Amino acid sequence: MPRIDVTLPLGTPVASMDADRRRDLARRAALAGGAVALESFREDIDVLTKDGKTDVVTQADRDAQSTVVAVIKDEFPDDLIVGEEADARKRVPETGAAWVIDPIDGTNNYVRGMREWGTSVAAVVDGEPVAAATALPALGDTYAAGPNEVTRNGDSIAVSDRTDPELCAVSPTIWWGYDRRGEYGTIATEIVERFADLRRVGCAQASLAMVADGALDGVVTNVDPNPWDSIAGAHLVRRAGGTVTGLDGDPWRFDSVGLVASNGRIHDELLQVAKAADAARRE
């Protein structure tokens, strides 16, 4: 039987009353931030590194985040902001309302001139997502989800109905540092031995959006993702009828270990991939 994700937002009455309002704002904010980033795309921009050679940042990241924050604060001035850049807080609060922002997810793609990057915005209440949007401006696609329907460019979408792993395409996501490349190798080997093919998009939020619209059948990592890399996409997948769990198979939260997202029909098989990589980490 396919694994069905029945997780529903746990938010306060505020969340149920204005989830659609937050969805619309998330979409506007993501589009605004994405438009700022697009202005500098494939231009001569300075690229800096943060915690490692492949952990890069540009002025476009910072400008896009400032734009997203300004759009949100115009409507919800008292809500907390969780974001990758600048002085935004880095942890999702367990109570109250907050917005989780990634101004350019897939910055390595962005600086190489590849189109698979995006701006993601998620609204959370009491730690649970109630709305989300991911804009992929170089691809011309914008995904949005509130409490129920998920759309791409305004049209309803849903996860794939594929049940045969040998017909499914899966993406490994979130990067493994040089000291964890053995786990990445395990993930890649498990995918190509169990599924039809492997697709590495290089942008976690784009990958999750592709699961939501059925272009991919699953996304998997045993690495603990940052909230800005994952919450918006996880909400898109769930509202599109898919399943998102941690490595333990329990419904995924921002503090779960690893992330496994699928159409629900291949979820148990995909969990085995993540667990194999985690076993390699412990060896």
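Everything here concerns the structure above.
Note that the structure is a prediction, hence the values are computed from the model and not measured.

A word on the overall build of the chain
Counting its secondary structure elements, the chain contains 7 helices and 14 strands. Within the span of the chain, comprising 283 residues, buried residues form 54% of the whole. For the chain, the share of sequence-separated contacts (at least 6 apart) that also reach a separation of at least 24 residues comes to 65%. When the accessible surface of the chain is split by element, carbon and sulfur atoms take 47% of a total near 12100 Å².

Remarks on the sheet that holds strand β12 (residues 218-221)
The strand order across the open sheet formed by 5 strands is β11-β10-β12-β14-β13, and the pairing between neighbours is mixed. Looking at the sheet topology across the chains shown, the edges are occupied by β11 (197-198) and β13 (243-245). Lying over the sheet, helix α5 (residues 204-212) contacts β10 (169-172), β12 and β14 (259-262), oriented at roughly 145° with respect to β12.

Focus: helix α6 (residues 231-239)
Within α6, 9 of the 9 residues are buried, which leaves the element mostly enclosed by the surrounding structure. Restricting attention to buried positions, one finds in α6 the residues Ile231, Ala232, Gly233, Ala234, His235, Leu236, Val237, Arg238 and Arg239. One or two positions beyond α6, positive phi appears at Gly241, with a value near 100°.

Some remarks on the sheet that holds strand β8 (residues 150-152)
Pairing within the open sheet is mixed, and its 7 strands lie in the order β3-β4-β5-β6-β7-β8-β9. In this open sheet, the two edge strands, each paired with only one partner strand, are β3 (80-83) and β9 (155-156). Two strands pair when backbone bridges link them, and strand β7 (residues 141-145) and β8 are joined in this way by 3 bridges, in the antiparallel orientation. Across the sheet, the residue bridging to Ala144 is Thr151, located in β8. In the packing of helix α2 (residues 59-75) onto the sheet, contacts are made with β3, β4 (97-105) and β5 (118-125), and the angle to β4 comes to roughly 150°.

A word on helix α4 (residues 181-194)
Spanning 14 residues, α4 covers 20 Å between terminal C-alpha atoms, matching the ideal 20 Å at 1.5 Å per step. Considered for burial, the residues of α4 that qualify are Glu183, Ile187, Glu190 and Ile191. All buried residues of α4 fall inside an arc of 100° around its axis, so they share one side. Among the exposed residues of α4, those pointing more than 90 degrees away from its buried face are Gly182 and Glu193. Buried residues in α4 make contact with β10, β11, β12 and α7 (267-282).

Observations concerning the packing of aromatic side chains
Considering all chains together, one arrives at 6 aromatic pairs under this definition. A centroid spacing of 5.0 Å and a plane angle of 15° characterise the contact between Trp176 and Tyr184, whose relative ring orientation is stacked. By way of ring pairs, the aromatic residues Phe41, Tyr110 and Trp117 are connected into one cluster. Against the face of Phe76 rests Arg22, its NZ or CZ located 4.1 Å from the ring centre. The positively charged end of Arg181 is found above the aromatic ring belonging to Tyr178, 4.1 Å away from the centroid.

A look at unusual backbone geometry
Residues other than glycine predominantly adopt negative phi, and peptide bonds predominantly adopt the trans conformation. Phi angles above zero are rare outside glycine, and Asp126 is one such case at about 55°. When you line up the elements, Asp126 lands in the loop between β5 and β6 (128-136). Here the phi dihedral of Ile174 falls at roughly 65°; this positive angle occurs in a residue that is not glycine. Structurally, the position occupied by Ile174 is in the loop between β10 and α4. Under the relative-accessibility criterion, Ile174 is labelled buried at 16%.

Thresholds, definitions, all that
Residues numbered from 1 in each chain as written. Predicted model: local features only at pLDDT ≥ 70, side-chain atom pairs only at ≥ 80, totals over all residues. Heavy atoms only, no water. Helix = DSSP H or I, 4+ residues; strand = E, 2+ residues; numbered from the N terminus. Buried < 20%, exposed > 50% of the residue type's maximum accessible area, 1.4 Å probe, protein only. Contact = heavy atoms within 4.5 Å. Areas by Shrake-Rupley, 256 points an atom, 1.4 Å probe, with all protein chains shown as cover. Pairing = 2+ DSSP bridges. Axes fitted to C-alpha atoms, helices over the stretch in contact; angles between N-to-C directions. Expected span 1.5 Å × (residues − 1). Arc of directions from axis to C-beta. Phe/Tyr/Trp six-rings, centres within 6.5 Å; stacked < 30°, edge-to-face > 60°. Lys NZ or Arg CZ within 6 Å of the ring centre and 35° of its normal.

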